[in-house]
Every structure is written in C-alpha cells, then in structure tokens.
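# Per-entry structural report
The chain contents come next:
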Amino acid sequence: MRSTDPAALAGAAAGALVRQQHRSARALNMIPSENSASPLARWALAGDAGSRYFFNTSGDPDGWAFPAARDASEAETRLTLPLLRHLTGAAHVNVRPLSGLHAMTLVLSAWGGAAGTPVLTVHPDQGGHYATASLTRRLGLTPYLATGPDPHTLDPELLHHLVADRHPRLVYLDQSHVLFPADVATVAAAIRAADEHTVLYADVSHTLGLVLGGALPNPLAAGAHGFGGSTHKTFPGPQKGMITTDRDDLATALHRAQYDMVSNHHLAPTCALGLAAADFLAAYAADTIAAAQALGQALHQRHLVPEAAERGYTATHQLWLNTAPAGVDGREAHRRLTAAGIHTNVLSDLPGLAATPALRLGTAEAVGAGLTVQDMDQVAALIADAVHDRRPADVIAGDVADLRAARAGRWQLHRHPDVAPHIKESFA
Ligand SMILES: Cc1ncc(COP(=O)(O)O)c(C=O)c1O
C-alpha cells in the first residue's frame, strides 16, 4: 500500500524534483513552447517576492495597502517595465497576465467589445491556437475564423471581406503552430482598408523572443495596435504573460479588465521577467532561427524531411517532422526520442498534417543552452539514430548528455557584475 505519511510523500516529491533537474541538464529539450529561464531569472523566482501582493503601481506614498512588497516592487517598476518598454518599443507594457492564455483572456475581454460582438481570429488550419475561438465564445463574443490557401498563409482578401462584412472590434492574430509567421503589415493593411476602427492584436506567444531580438518584424511597427503573449517560449523568461500597446485608450481598457481578472499577478516571476530581459541578447533570436533552418537541412540529408522543405523549412524556431514517410510512426519516433533524452512534441493537429501524429521541434532552449548552428548536424544525427532505433537509447542519451556538458549556456551570471554581489548577499 502507498504511504500517505506527509513526510514520506514530501521526501519522495523532493527526490522527484532533483531527478527532474538532473534529467533536464542531460537532455536536449526541443519542445518549442518551452524554454529554460536564465539563471538570473531563476534566482528571482526563489525569493520572498513570490509570497507578496503588489498593487501600488503608481507608487502613491499612501497607496501601500499591501506594504510587504515594497522593495521587490522596485524590480518591477524600475527594471521589468522600463526594459520591456525599451525592447518592445511600446508606450505601454502590461505584465499582469500569468501566461499566454491569460493574456489572451484579458485582451479578448478588454478589447473584444460587448456580448455578441464579432471577433476575427485565425483558423487552427493556419496555426491558430486551439482555444482562441472557444474562449472567445465563453466570453460572450462571436468568433469568425480567417483562413488561407495553405497552412502558412492567410488570405488577405478574405480577411478584408470578413472585416468589411462583420466589422469586428478586434482581430486576434495568433499562431501556435508557426513556421512562417503571418505578415502583420499585410494583415494590418487589409483590415485598415475595411474598417479603420478595428483593433489588430498579434499574439506572438511562440515568437516573442524572435521579435524582441529583431529577427522578426515588430508588430507595432508593422501596423498592429498591440502585441504580446507568453514570455517563456522563444523568450528565455519565466512562465508569465505580457501585453503591449501604444494606445492610451487600449491600455486603460486593459487596466479596467485586469481589475476583475487578475488579483495576484505573481510578483516573483514579474521580477524574474525583468532580469531575463536584462540577460537577453538580440543575437539569440537570429541564432535560434538559423539553428532551426540548419537542423531542417541536416535532417533532410538523413532522409527525415521536415515540412516546407521547398521554403527552407522554417522562418521561426519550429520544425514539423512527419516520420511516417521514413517508415517510423510518429508516436513511436516520439517514444524513441524521449528515451534517448531528446524532448519533442508529438501532435495530431499540425496544419497540413491533420490526424497524422507528427513531431514539432524547436531550437530556442538548445541555443540558450549554448548549442550553435554548427552543432545541428550532430543533433540531426542523434535524432536520426533515435528515430530509426539504430543504437540503444541509453547510448544515444549518453551522447546527448556529453553534447550538453560540452557547451556553456548563453545566460551567464558573470556577464552581470552589478548583480553578482546582490546574489551572493541573498545567500549569506
Ligand atoms: C498563440 C498562443 N497563444 C497563447 C498560448 C498559451 O500560452 P500559455 O501556455 O503561456 O498560457 C500559446 C501557447 O502555445 C500560443 O501559442
């Protein structure tokens, strides 16, 4: 019989958490929705801020109904917000959402209009998030779906007609499965020509780091009224969400919605987000995309052909790989890769591969761990060996661990001489 003794259960759980650390340090995590937050960010996650509430964002001397957060709140107001405003180029940055889906909920609620108002979003066949339309409906709004001629393209004429016919208050442009992000400038022009009052929001949860590093266009500069999403996929931050806009009225509407929809915004991850932004290097974005393209090519050379080969495989961190043509069922390939310490997604809803279990891979975490374009040939060889079961899984896993150990992560504390003494002090 299993023990219900809390001490024994806690001991077992602590052991599991340590195993998680060790296994993760030896593995190659290629799950595109995940990233390892920088050590600096992780340090902030463990501190006292994680037990506090912070509401007094205006800094009103009489506004400290919850005074315990006073010191930590400076990290949010003097680091996280100014640095994110700088990186995004936005007049307003809202860091109240807890995650990408929470940011989506806030945006739909704040900007979507009254019950019954049409909202235009992206069909899952073009990479739209599975929950956007149903969440829109739950909020009392009426979703319409933009589609296109292929899994990577939205039809601007159709978009124009949908906006001209329905006059949505909000176009929610989101792509979870994304090899070639929609061109925001084209989408914005199509919407503007149909209804100048329609608000365009780009949910860049998957590509935030690529945008902030300048490897993909900034949606605000391309004509969107706001953008945001998760801070932990291509951006190497903690698990949080953020929303940006240049428009004062939209920022105010967000504040109103947030009053009802966010109480505890999780101060420790919010401080950690600022430290991750301080750690962030623009070159990481271009390197992440170049690594994905190099991995696509190296897999192709090994007869594992990622989708969109004719277009260079990807313009993001993601690759989609159907292993069935190479004679290995996607689920079996996924099981073999996992056993070999290579973590990927297996999905049955990738655009253009409906109902085929196929792999979704990403390079963001590997590049953060110090792997480069030059390593991608070796990574492809390890993937091919695992998928085809050419060598025992534990032997491949050993090679994966050796590769990890031979590379130093990009986010190094020694790059921050002003921070190191404080970290030392926190452990004193
Ligand atoms: C476009 C988009 N929006 C929202 C989300 C949800 O983000 P989170 O998992 O941080 O809640 C995702 C996650 O994949 C996404 O791709």
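The following paragraphs examine the structure supplied in this document. (Residues numbered from 1 in each chain as written. Predicted model: local features only at pLDDT ≥ 70, side-chain atom pairs only at ≥ 80, totals over all residues. Heavy atoms only, no water.)

### Some remarks on the overall build of the chain
Of regular secondary structure, the chain possesses 16 helices and 12 strands. Against the globule reference of 22 Å for 428 residues, the chain gives a C-alpha radius of gyration of 22 Å, in line with a compact fold. In terms of overall dimensions, the chain has a C-alpha envelope of 60 × 60 × 50 Å along the principal axes. Counting every position in the chain, which comprises 428 residues, the buried fraction comes to 51%. Of all intrachain contacts in the chain linking residues separated by at least 6 positions in sequence, the fraction that spans at least 24 positions is 75%. As displayed, the chain has an accessible area near 18900 Å², and 53% of this comes from carbon and sulfur atoms. (Helix = DSSP H or I, 4+ residues; strand = E, 2+ residues; numbered from the N terminus. Rg over C-alpha atoms; globule rule 2.2 N^0.38 Å. Buried < 20%, exposed > 50% of the residue type's maximum accessible area, 1.4 Å probe, protein only. Contact = heavy atoms within 4.5 Å. Areas by Shrake-Rupley, 256 points an atom, 1.4 Å probe, with all protein chains shown as cover.)

### What to know about the packing of helix 11 (residues 283-301) against helix 14 (residues 376-387)
Each packed pair of helices is defined by two parameters, the angle between the axes and the distance between the axes. Following both chains from N to C, one finds helix 11 and helix 14 inclined at 50°, their axes separated by 8 Å at the closest point. Taken together, helix 11 and helix 14 sit at an angle that is classed as oblique. As for the relative orientation of helix 11 and helix 14, their crossing is right-handed in sense. The segment helix 11 lies against helix 14, with Ala291, Ala294, Leu295, Ala298, Leu299 and Gln301 engaging Met376, Asp377, Val379, Ala380 and Ile383. (Axes fitted to C-alpha atoms, helices over the stretch in contact; angles between N-to-C directions. Parallel < 35°, antiparallel > 145°, perpendicular 65-115°, else oblique. Left-handed = near helix turned anticlockwise from the far one by under 90°.)

### A closer look at the sheet that holds strand 8 (residues 241-245)
What the seven strands build is an open sheet, ordered 2-8-7-6-5-3-4; its pairing is mixed. Pairing within the sheet leaves two strands with one partner each, and these edge strands are strand 2 (92-94) and strand 4 (142-146). Taken over all neighbouring pairs, the strand axes of this sheet differ in orientation by 20° on average, direction set aside. The pairing of strand 5 (residues 170-174) with strand 6 (residues 199-203) spans five bridges and is parallel. (Pairing = 2+ DSSP bridges.)

### A short note on the pairing of strand 3 (residues 118-122)
In summary, the side chains of a regular strand alternate between the two faces of the sheet. Summarising burial for strand 3: five of the five residues are buried, a large majority. Taking every second residue as pointing to the same face, both faces of strand 3 are buried, with Pro118, Leu120 and Val122 on one and Val119 and Thr121 on the other. The sheet contact formed by strand 3 and strand 4 spans five bridges and is parallel. Within the sheet, the bridge partner assigned to Thr121 lies in strand 4 and is Leu145. Once the chain exits strand 3 it traverses helix 5 (residues 132-138) before rejoining the sheet at strand 4, and the crossover so formed is right-handed. Inspection of the sheet shows strand 3 paired to strand 5 by three bridges, in the parallel sense. By the bridge assignment for strand 5, Val119 is matched with Leu170. (Right-handed = clockwise from strand over helix to strand, strands pointing away.)

### A closer look at the site of the ligand
Near the ligand there are 14 residues, and of these Gly100, Leu101, Ser176, Asp203 and Ser230 occur at the shortest range. At a separation of 2.9 Å, an oxygen atom of the ligand approaches a polar side-chain atom of Ser230. For the ligand, whose unbound accessible area comes to 390 Å², protein coverage reaches 85%. Ranked by the residues each element gives to the shell around the ligand, the list is headed by helix 4 (residues 100-111), at three residues. (Near = heavy atom within 4 Å. Polar contact = N/O pair within 3.5 Å; in protein donor to acceptor, adjacent residues only side chain to side chain.)

### Thoughts on the side chain of Thr198
Structurally, Thr198 is set in the loop between helix 7 (184-194) and strand 6. There is a polar contact of 2.9 Å between the side chain of Thr198 and the backbone oxygen of Pro168. What Thr198 contacts, discounting residues up to four positions off in sequence, is Val163, Pro168, Arg169, Leu170, Val171, Ile191 and His225.

### Describing the packing of aromatic side chains
Across all of its chains, the model carries 10 aromatic pairs by this definition. Judged by centre distance (5.7 Å) and plane angle (75°), the ring pair of Trp111 and Tyr201 falls under edge-to-face. Remark: Tyr201 occurs in strand 6 and Trp111 occurs in helix 4; sequence separation between them is 90 residues. For Tyr201, a relative accessible area of 0% corresponds to the buried category. These aromatic residues form a ring-pair network of at least three members: Phe235, Phe280, Tyr284 and Trp411. (Phe/Tyr/Trp six-rings, centres within 6.5 Å; stacked < 30°, edge-to-face > 60°.)

### A short note on the pattern of salt bridges
Under the criterion given, the structure shown has 12 salt bridges. Note that Arg96 is salt-bridged to Glu76, the shortest N-O span being 3.5 Å. Residue Arg96 is found in the loop between strand 2 and helix 4, and its partner Glu76 is found in helix 3 (residues 70-88); the two are separated by 20 residues along the sequence. Across the pair, exposure class does not vary: Arg96 and Glu76 are buried alike. Two residues, Arg336 and Glu332, come together in a salt bridge whose shortest N-O distance is 2.9 Å. Separated by four residues within a single helix, Arg336 and Glu332 lie in helix 12 (residues 330-339), roughly one turn from each other. Residue classification places Glu332 among the partly exposed residues on the basis of a relative accessible area of 24%. The structure contains a network of salt bridges with shared partners spanning Asp385, Arg390, Arg391 and Asp399. (Salt bridge = Lys/Arg side-chain N within 4 Å of Asp/Glu carboxyl O.)

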